[in-house]
Amino acid sequence: EDIFNWYIDALLGTEPRLRMAAAAMLSELAPRLADMARARRESSTNRLIAALDNADPVVRWAAVEALGYLPGDRTVAAILLKLGDEGYCMCRGDSQVYSAAEKALERLGATPEQIGQASVMALNNPDRFVRKAAIQRLTDFTFAGAVGKLWDIAQDVTDDLCAEAAMSLGKLLEQGV
């Protein structure tokens, strides 16, 4: 159990090479996090949720990856909050963080509605690759807000993802949405 906290310490430290190694190891060991004693798990969960605010995308990716193995409504709520915070998006500039967050939400049992809302919120992300991943992801859900948002993007010819949105709309229509 202490090894997880050591890796979290290293992940949040200042040495870049150690952060990268810790991120890789946390990702590998993350499935065992749920087996930790409850008190230790709470401490790790709190630290990982705080790491979602870190400036380094590797730290945010490792934190959300590990959180995906720590069940609980609080964990789902924290990931959803960070995905939807337009003032500070945990995914800013990194579609891999966004993808890890969506996978974590699925592992944690988030509802399709919650994941669909997260994807719609990600459409406001300034990063093109995060927005593209969100557009593609919305074809997996019959989320009520998806069609209108995709329609808006498809209609905006100044948006470089208008064709991507139009293709996603076509896929949703094929599914009978």
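Look up a bit, the structure's there.
Quick caveat, the model's predicted, so the values are computed rather than measured.

What am I meant to see in the overall build of the protein chain here?
Within the protein chain, the secondary structure is distributed over 10 helices and zero strands. Across the protein chain, helices and strands are ordered from the amino to the carboxyl terminus as α-α-α-α-α-α-α-α-α-α. Within the span of the protein chain, comprising 177 residues, buried residues form 47% of the whole. Pairs at least 24 apart in sequence give 62% of the contacts found in the protein chain among residues at least 6 apart. If you sum the accessible surface of the protein chain, you get close to 8700 Å²; carbon and sulfur atoms cover 54% of it.

Is there a simple way to explain the environment of L138 in this structure?
Turning to its location among the elements, L138 is positioned in the loop between helix 8 (128–137) and helix 9 (144–155). Under the relative-accessibility criterion, L138 is labelled buried at 0%. Counting along the chain gives 34 residues from L138 to L172, while the straight-line C-alpha distance between them is 8.6 Å. With sequence-adjacent residues up to four places away left out, L138 is seen in contact with G116, S119, V120, L123, A146, L150 and L172.

What counts and what doesn't
- Residues numbered from 1 in each chain as written.
- Predicted model: local features only at pLDDT ≥ 70, side-chain atom pairs only at ≥ 80, totals over all residues.
- Heavy atoms only, no water.
- Helix = DSSP H or I, 4+ residues; strand = E, 2+ residues; numbered from the N terminus.
- Buried < 20%, exposed > 50% of the residue type's maximum accessible area, 1.4 Å probe, protein only.
- Contact = heavy atoms within 4.5 Å.
- Areas by Shrake-Rupley, 256 points an atom, 1.4 Å probe, with all protein chains shown as cover.

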